[in-house]
Amino acid sequence: MADFTNEELLAWLDETLPLERSSALELHARQSPEIRERLESLRQSRDQGGLTLGEIWRRHRIGCFSRDVLARHLRGETGSGLSEQIQFHLETIECVWCRATIESMNETDLTRTTRVFQTSLGGLKT
Ligand SMILES: [Zn+2]
């Protein structure tokens, strides 16, 4: 019996859930009205702006950043204060979640600026 956390369901809504897990969830959702209800209610909360993946995650971990914020960070578009927080989060805390989010970014996420961003984010695809 597959078991999915709210974080995973939200990641799926955001299309950031790893493919393997995502397939398992889709399969499971077909047979489980309960999962579909949870997805629907999470989607509604999220669409009302009351619940973001970051907010949910923060309750369990030390502040994570949304995909959008991370993308802006990589494009060098965040202010220095925020930028420092993100650097700290990625490089000192080494948050696997945010690193995975960055790993999954494609050119569209990153091409809004031509600025080359250099950090120790070794895993970043170029
Ligand atoms: Zn994080």
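Residues numbered from 1 in each chain as written. Predicted model: local features only at pLDDT ≥ 70, side-chain atom pairs only at ≥ 80, totals over all residues.

Notes on the confidence of the model for the protein chain
For step 1, the next point in the chain: Residue-level pLDDT values for the protein chain average 79, and 75% of them are 70 or greater.
For step 2, the next point in the chain: Per-residue pLDDT, averaged within each element of the protein chain, yields its smallest value for helix α4 (residues 53-58) (58) and its largest for helix α5 (residues 67-74) (91). (pLDDT = per-residue confidence, 0-100. Helix = DSSP H or I, 4+ residues; strand = E, 2+ residues; numbered from the N terminus.)

Considerations on the nonpolar core
For step 1, the next point in the chain: Within the largest apolar cluster, ten residues are counted, these being C64, F65, L70, A71, L74, I86, L90, C95, C98 and I102.
For step 2, the next point in the chain: Counting residues per element, this core draws most heavily on α5, which supplies three residues.
For step 3, the next point in the chain: Residues in contact with L70, not counting those within four places in the same chain, are F65, I86, C98, T101 and I102.
For step 4, the next point in the chain: Ranked by size, the runner-up nonpolar core spans five residues in total, among them L9, L10, A11 and L17. (Core = buried A, V, L, I, M, F, W, Y, C linked by C-beta atoms within 7 Å. Buried ≥ 20, exposed ≤ 12 C-beta atoms within 10 Å, placed from the backbone. Contact = placed C-beta atoms within 7 Å.)

A short note on helix α6 (residues 80-92)
Each α-helix winds once per 3.6 residues, and so residues spaced three or four apart point in a common direction.
For step 1, the next point in the chain: Between the first and last C-alpha of α6 there are 17 Å, a value that for 13 residues agrees with the 18 Å anticipated at 1.5 Å per step.
For step 2, the next point in the chain: Residues of α6 that are buried make contact with α5 and α7 (96-103). (Expected span 1.5 Å × (residues − 1).)

Here's the deal with the packing of α5 against α7
For step 1, the next point in the chain: Direction vectors running N to C along α5 and α7 enclose 65 degrees, while the axes themselves pass 10 Å from each other. When the axis of α5 is compared with that of α7, the two are roughly perpendicular. Every pair of crossing elements has a handedness; the one defined by α5 and α7 is right-handed. Along the contact surface, α5 presents R67, L70 and L74, while α7 presents C98, T101 and I102.
For step 2, the next point in the chain: Split by residue class, the contact of α5 with α7 holds four nonpolar, one polar and one charged. (Axes fitted to C-alpha atoms, helices over the stretch in contact; angles between N-to-C directions. Parallel < 35°, antiparallel > 145°, perpendicular 65-115°, else oblique. Left-handed = near helix turned anticlockwise from the far one by under 90°. Nonpolar A, V, L, I, M, F, W, Y, C, P; charged D, E, K, R; others polar.)

Notes on the environment of R36
For step 1, the next point in the chain: Residue position: R36 is located in helix α3 (residues 33-47).
For step 2, the next point in the chain: Each C-alpha atom, one on R36 and one on E26, is 9.6 Å from the other, the two residues being ten residues apart in sequence.

Looking at the packing of helix α1 (residues 6-13) against α3
For step 1, the next point in the chain: The geometry of α1 relative to α3 is characterised by a closest axis approach of 10 Å and an angle of 70 degrees between their N-to-C directions. By the angle between their axes, α1 is roughly perpendicular relative to α3. When you trace α1 past α3, the crossing you get is right-handed. Packed against α1, whose contacting residues are N6, L9, L10 and L13, the element α3 presents R38, L39, L42, R43 and R46 at the interface.
For step 2, the next point in the chain: Classifying every residue of the contact of α1 with α3 gives five nonpolar, one polar and three charged.

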